[in-house]
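# Residue-level structure breakdown
Okay, here's what each chain looks like letter by letter:
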Amino acid sequence: MIAAMATALTVLLPLPLQAETGADSIQCIKSATFLAPPQALGVRQYAPDREPQIIHLALDVTPDFHERSIEATATIRFKAIAQPLQQVKLDSVGLDVHSVTATIGVLAWHLTEDKLIVIFTKALPADTEASMTVAYSAHPEQGLYFRTPEMGYKPGDTHLFSQGEEIEARHWYPCMDSPNQRLTSEITCRVPEGMTAISNGRLVSQSKDPATGLNVIHWSQEKSHSNYLISLVAGYFKELDDKYGNVPLAFFTPPSEFNEARNSFHGTKDIMEFYNREIGVPFPWDKYDQVCVNDFVAGGMENTSATTLTDRTLFTDATENIRSSESLIAHEMAHQWFGDLVTCKDWSHIWLNEGFATFYETLYNGHKHGRDAMLYELFQRARQITGTTNDSRAIVRRNYNQPGEMFDYLAYPKAAWVLHMLRCQLGEGLYRRCIKTYLRRHQYGNVVTDDLRSVIEELSGRSFDQFFDQWLYHGRQPELEINYDWDDLTKLAKISIRQVQEINSDVLLFNFPLTIRFKSSFGTSNAPIEVTKKQEDFYFPLSAAPELVRVDPEYTLLARIQFTVPRPMLYAQLADKEDVIGRLLAIEQFSTKTDKGVIAKLQETLNHDGFYGVRIEAARALRSIHTDEALNALLASTLQPDARVREWVASAIDGFYDQKAYDFARQRLSEEKNPVILSQDIRGMAGYNKPEVREAVLKLLDTGSYRNELADAAISAARQQDDPAYIPPLLEALAKQESAFTSRGFGQGLAALACLARNNDTKDNVRQFLAGYVNDKRKTVQLAAINALGTLGDPKAIALLETFTSAPQTTPEGSAADQAIATLRAGRKPVDDFKNLRREVLDLEKANRDLLKRIEDLNKRVEAELTSHPARRSQKEKVSSPKSSG
């Protein structure tokens, strides 16, 4: 999963980054740290004890969609492993527990801030099973998310969904909330007539409760999986069915989105067929459901047999091949093996989940679209990885603060590159044997990085200690300065290689195989070498001077390489139809040249190269060159049959401030039908202060489109123009069309409104409009409104914002309000002493609450310690009875 991304963060990459990830697609990013700078080193984290072992969990859930709450029971079967078990501590946050019963006597139970502690009358003997039932209710803030009309969602689309990764399950049921707790599970969900419920495993039964009139839907997952993979989605959905062999396939969307379902779902069967063949282990679950939900907290989540997807992955035919769900579908399905069938033991090994899913997504791209497409994806990812220059963290590391910090580019694209290098070094056949054995040996279990290494060493007979050490347990990658020289007298080609990365305790001197390719009239010669030193010269006898020299021609090494060759060689490289990476690297070097000869070559490439990715990179290079001749070359290259290239040519032209670029954008705005390119056009015109630009922006602001995409682009253009004249029409559009906007789009509208009004003398109407959304039930909109009040710069908003900072616990809205207040205070004039005094009093009150909370926590810890040793308590101390709420 983005991958909190990607938060869980749902990421639709903006246009300037699209070529870094292929088509304009939703990425599986679960964490907001994915592209963030490295955090300060945290404490060392380890997998928790697995005492007791949870064997089976049965949830019976009745949601109240109006109250956004649940009434539920959790029946947990567990086992004392090696020692007698006197008590069980379950992760539990925000649950209102009504009762706890068990098959053995319960002496007492009580709740702390994050635990439900159950104490038995006598210890459960080792290797003995028991079960307990917890009756509870909850209004979850995390873990279980409602989408209802009261929150601003469409009435016919009402639904809820769960999200377990990383540690959110504890917010809607009591559990042992860690990856190393594998269990079987079942969920019974009771929903109003017309609704359905989707969960893990097989559908056991559907019936109607005569007493309540509710539909009772019972699912059972009879194969073990990790706790965070338990899923429940319930509400109004429409279903699209298919089948692969004996595996039922289904795709669900909210009813209002169903027309676009087939666009996203159609590749599912082909992806499953490819994975079954490539991985060598059949799809391991009873069925495969995919469910699109509103405002999902990530791009996708690979719950066993029941993946949850963001509704932003849906698209219309009008976007041609720019939008695609293929990479997201492929990524999440790969997780059904890597992450679900075998699961990392703890978050320090999350690359075993996310790196594999990312790599197999790439392998499917190569299977479906050809090897060049796969290499281009690796090229884009390598550019992202090697472009991150301030991070020396290892992929496998234990010094992090929160699990979400592990869901970053190291766990996704860099880990995928490590697997690509392994596959190249082992060979495809042996690699497949290793992966099949790894999965078979550890199926339905937990794994660490050494489990993979040991299988590879066993089957290959080679040591991979150094490979794993330098690529997974240490940071960065080689940074190489390479020089070429030819001696005509000796007929020797000389290649000098120097590793220039800083070498320290975090980054090693790398040892790696490398191939040098020479091409000339004598043919093609591949020379394999082993790089082991900081600086080394290699000599190659050749019959004649080569016309082309390529380092790593098969693209098997993740490295930042500086290798400058004479221009004739670059021209030969650019013309080599069999070497897509060579062409891409040649374009990269040409992007720093400005002479007409280079521009002509790039224009020819943009119009005639056989691979769309090379044409995109040629357009990017012409924009980078940024001369009149480069603009003319782009304007002469707009008739592109591939919409992805057409979009990038449009983007490149919009990167010039020139009347010719403006004229072309204006013409295209009246002719283009693709909404993605239309959106790019209006953003490109925003840099020109012309009456017709304002006219076009206002027209698009009122133009209906799927998910209001064109209005979003118009709002972006209005913000770029920074003209307060847009405030009245923008206010009107947001007020009248609120239901047409996505939560993200509406939030961006609020941000634009505040930005446009920030320099106005009178801000009352905008402030009041923004204030109307600070309590919005859609978290995206609420946070956007609070942040917008800070942008607006109106001190009158401070008192409102302070109401969010007085909560005893830190919340996202409280943090946003704190930041907004700081922004407002930094930009305001000195105020009277009374207001300063009021703020000081509020600060003291908050500090006092924090102190009281710490004292309360300390008391709870003392209470827990005493409870765990009943003999230490005096007769006057109270012990919660089994019927008490603790």
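No experiment lies behind these values; they were computed from the predicted model shown.

## Brief notes about unusual backbone geometry
- Here the residue pair E51 and P52 is connected by a cis peptide bond, since its omega of 5° sits within 30 degrees of zero.
- Relative to the helices and strands, P52 is located in the loop between β2 (26-27) and β3 (53-64).
- Residues E165 and E166 are joined by a peptide bond in cis, for which omega reads 5°.
- Here E166 is to be found in the loop between β11 (159-162) and β12 (182-191).
- Unusually for a residue other than glycine, D295 sits at a positive phi of about 50°.
- Of note, D295 is situated in the loop between β19 (288-293) and β20 (300-301).
- Of note, D722 is a non-glycine position whose phi angle comes to about 55°, a positive value.

## Focus on the environment of F464
- Its location among the elements puts F464 in the loop between α9 (449-460) and α10 (465-471).
- The class of F464 is buried, set by a relative accessible area of 1%.
- Separated by ten residues in the primary sequence, F464 and S454 have C-alpha atoms spaced 8.6 Å apart.
- What F464 contacts, discounting residues up to four positions off in sequence, is L422, Q425, L426, R453, I456 and E457.

## With respect to the packing of helix α16 (residues 643-654) against helix α18 (residues 675-685)
- At a closest axis distance of 9 Å, the pairing of α16 and α18 adopts a crossing angle of 5°. Relative to α18, the element α16 lies roughly parallel. Only V676, I677, Q680, D681 and G684 of α18 make contact with α16, whose side of the interface consists of A643, R646, E647, A650, S651 and D654.
- Here the contact of α16 with α18 is built from residues that sort into four nonpolar, three polar and four charged.

## Quick look at the pattern of salt bridges
- Evaluation of the coordinates by the stated rule reveals 55 salt bridges.
- We note a salt bridge from K115 to D91, for which the minimum N-O separation is 2.6 Å. Here D91 lies in strand β5 (residues 85-91) and K115 lies in strand β8 (residues 115-124), a separation of 24 residues in the sequence.
- By relative accessible area, which is 9% here, D91 ends up buried.
- As a salt-bridge pair, R778 and D776 come within 2.9 Å of each other at their nearest N and O atoms. Both residues of the pair, R778 and D776, belong to the buried class.
- Connected via shared salt-bridge partners are D91, K115, R170 and D177.

Cut-offs used in this document
Residues numbered from 1 in each chain as written. Predicted model: local features only at pLDDT ≥ 70, side-chain atom pairs only at ≥ 80, totals over all residues. Heavy atoms only, no water. Helix = DSSP H or I, 4+ residues; strand = E, 2+ residues; numbered from the N terminus. Buried < 20%, exposed > 50% of the residue type's maximum accessible area, 1.4 Å probe, protein only. Contact = heavy atoms within 4.5 Å. Axes fitted to C-alpha atoms, helices over the stretch in contact; angles between N-to-C directions. Parallel < 35°, antiparallel > 145°, perpendicular 65-115°, else oblique. Nonpolar A, V, L, I, M, F, W, Y, C, P; charged D, E, K, R; others polar. Salt bridge = Lys/Arg side-chain N within 4 Å of Asp/Glu carboxyl O.

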